[in-house]
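If you want the building blocks of each chain, they are given just below.
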Amino acid sequence: MMITDTHTHLYSEEFEQDRNEMIQRAIDAGVSRFFIPAIDSTCTEAMYELEKNYPENVFLMMGLHPTYVKDNYEDELQHVVQELTKRKFCAIGEIGIDLYWDKTHLPQQQDAFRRQIKLAKQYKLPIVIHCREAFDEIFEILEEEKSADLFGIFHCFSGTYEQALQAISYNMKLGIGGVVTFKNGKIDQFLNQIDLEHIVLETDAPYLAPVPYRGKRNESSYIISVAEKLAQIYGLTVAEIAAQTTANSKAVFGV
């Protein structure tokens, strides 16, 4: 059984003490593909180091996370552009809009999101979207940019059924992680109305650990709990969930 974690911050400082053991636990559990989102320029070297150590398992994205869009965001976007000219990446991500922490940089977040979508189209890459309290703002830009060459993943999807359908209409898969196991997560109530071909699995480790690990540091091996919840929702085996969602990840990332 091959499971794909489409969104995991393996370079996080929270794994400083046991990173290799944590990754090995995931591989032993059948999680053999790890897709690593960028945050800003400070994580680039750590991402490259991960890829060097796990060349068969680790796939890197490049992008500027919306909560790191500050007054110096032009410099950060220039870093993204420079890295894209040097080598191949599997996606532009994670990018988007986050109005939970800070609304003061909304214009800059919108600008950064638009410009990174254009980079994705230029390099024929998928985008991986971060959305927090910003569905309307994100959908507005996706509506402007929609085209056959705009596609990707709506990471950590936690919206309504209607928002799920809207995301899918823009050629986005829904990234499903720990939230689906939460009692108040709500997405478990309608997911069975969404065809499994639109779903990919993720952890967002070290954040958003699923039940029964909620409140603890998340890690990629815990994706099994997410797969088990989806198996229950769809009336399938965990192996069937793993196979379909991994196929879906390959359709998005091309690897």
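Residues numbered from 1 in each chain as written. Predicted model: local features only at pLDDT ≥ 70, side-chain atom pairs only at ≥ 80, totals over all residues. Heavy atoms only, no water.

- An unreviewed UniProt entry lists the protein under the name TatD family hydrolase, from Flavobacterium erciyesense.
- For the record of the protein, the UniProt heading Sequence similarities (unreviewed entry) holds the text "Belongs to the metallo-dependent hydrolases superfamily. TatD-type hydrolase family." (UniProt positions renumbered as here; feature names shortened; annotations may be inferred.)

## Some thoughts on the layout of surface pockets
Here comes step 1: Estimated volume of the largest pocket: approximately 860 Å³.
Here comes step 2: Considering the residues around the largest pocket, the lining is formed by 33 residues, among which His130, Arg132, Cys156, Asp204 and Leu208 are closest to the centre.
Here comes step 3: Counting only elements with at least two residues in the lining of the largest pocket, the list comes to strand S4 (91-98) and strand S5 (127-132).
Here comes step 4: Among the elements that line the lining of the largest pocket, the one with the most residues is S5, at three residues. (1 Å grid on protein atoms, 1.4 Å probe; cavity = no way out; pocket = protein on both sides within 12 Å on 5 of 7 lines; lining within 4 Å. Points joined across faces, edges and corners; volume = space filled by probe spheres on them. Helix = DSSP H or I, 4+ residues; strand = E, 2+ residues; numbered from the N terminus.)

## Focus on the packing of aromatic side chains
Here comes step 1: Within this structure, the stated rule accounts for eleven aromatic pairs.
Here comes step 2: Here Phe35 and Phe59 contribute two aromatic rings whose centre-to-centre distance is 4.8 Å and whose plane-to-plane angle is 20°, an arrangement assigned as stacked. You can see Phe35 sitting in strand S2 (residues 31-36) and its partner Phe59 sitting in strand S3 (residues 58-62), a full 24 residues away along the chain.
Here comes step 3: Between Phe139 and Phe154, the ring centres sit 5.9 Å apart and the planes meet at 50°, which makes this aromatic pair tilted. Here Phe154 lies in strand S6 (residues 152-154) and Phe139 lies in helix H5 (residues 135-145), a separation of 15 residues in the sequence. An identical accessibility class is assigned to Phe139 and Phe154; each is buried.
Here comes step 4: One aromatic cluster in this structure is built from Phe135, Phe139, Phe154, Phe157 and Tyr170.
Here comes step 5: The positively charged end of Arg87 is found above the aromatic ring belonging to Phe89, 4.6 Å away from the centroid. (Phe/Tyr/Trp six-rings, centres within 6.5 Å; stacked < 30°, edge-to-face > 60°. Buried < 20%, exposed > 50% of the residue type's maximum accessible area, 1.4 Å probe, protein only. Lys NZ or Arg CZ within 6 Å of the ring centre and 35° of its normal.)

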